[in-house]
Amino acid sequence: VGMTHGITYGYDKFSNPGIFWKHLQQVEAQEDKIWVRTFREVVAYIKERKYTTYDVEITQDGMIVTPHLTLDKTLFTEKLTGVIDRSGVKKVKIQQGEKTLKPQLLSDKVLFDFDPYGGRIVMQIEAR
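Residues numbered from 1 in each chain as written. Predicted model: local features only at pLDDT ≥ 70, side-chain atom pairs only at ≥ 80, totals over all residues. Heavy atoms only, no water.

A. Quick peek at the pairing of strand β2 (residues 62–68). β2 sits mainly inside the fold: five of its seven residues count as buried. Bridge count between strand β1 (residues 53–59) and β2: seven bridges; the pairing is antiparallel. By the bridge assignment, Y54 is partnered in β2 with P67. Linkage of β1 to β2, two consecutive antiparallel strands, is achieved through a turn of two residues. (Buried < 20%, exposed > 50% of the residue type's maximum accessible area, 1.4 Å probe, protein only. Helix = DSSP H or I, 4+ residues; strand = E, 2+ residues; numbered from the N terminus. Pairing = 2+ DSSP bridges.)

See below:
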C-alpha cells in the first residue's frame, strides 16, 4: 500500500521527482503481478470476499459453484478471484452465465475472476 502526500513538497517528499515516476513505471511493467486499486476498491473487495458464500456441486467432469452475496451491488462492484486448490490440471473451461471466464493455471491451483452477483459458475476440469 502506497500513500504519498506530496511528490516535491511536504514531510515525505521525494528528493527527486523522477524517483516516484520511475517507481510507477516499474509497477506498470509488472501489472500482471501487482494488483493496483484505490482504497475504496480494496475495501469493497475485502468485504465482498468476507460475505460471499457458495454452494458447490461436484459433477462428473468438474463442478458447479453458485456464489451468494447480499451486499448492495451498486456499492460493491468488485470481481472476486476464485481459487481451485488442485494440482495436475491440464485444461479448464469456466462459464458464468453467457460469459467465458479466463483461468490462470498454476502448478497447484487454478485462479479466475468472477462476478459474485453473476450466478452459477460451471467448470469443466481436465486432469493430466
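B. Seen up close, the environment of K102. Tracing the backbone shows K102 in the loop between β5 (99–101) and β6 (104–105). A relative accessible area of 75% means that K102 is categorised as exposed. Sequence spacing of K102 and K79 is 23 residues, and the spatial spacing of their C-alpha atoms is 13 Å. K102 has contacts with L111 and F112, leaving out every residue within four places of it along the chain. (Contact = heavy atoms within 4.5 Å.)

C. Just the nonpolar core, in detail. Among the nonpolar cores identified, the biggest contains 15 residues, and I84, I94, F112, I121, M123 and I125 are the most heavily contacted of them. At the level of secondary structure, the elements contributing two or more residues to this core comprise β2, β3 (80–85), β4 (89–96), β7 (109–114) and β8 (121–127). Setting aside residues up to four positions removed in sequence, I84 forms contacts with M63, D108, K109, V110, F112, M123 and I125. (Core = buried A, V, L, I, M, F, W, Y, C linked by side-chain atoms within 4.5 Å.)

D. Looking closely at the layout of surface pockets. Roughly 690 Å³ of volume is contained in the largest pocket. Lining the largest pocket are 22 residues, and of these W35, R37, T81, Q104 and D113 sit closest to its centre. Those elements that place two or more of their residues in the lining of the largest pocket are β5 and β7. Top element by residues in the lining of the largest pocket is β7. It accounts for four residues. Looking at the lining of the largest pocket residue by residue, the classes come out as nine nonpolar, three polar and 10 charged. (1 Å grid on protein atoms, 1.4 Å probe; cavity = no way out; pocket = protein on both sides within 12 Å on 5 of 7 lines; lining within 4 Å. Points joined across faces, edges and corners; volume = space filled by probe spheres on them. Nonpolar A, V, L, I, M, F, W, Y, C, P; charged D, E, K, R; others polar.)

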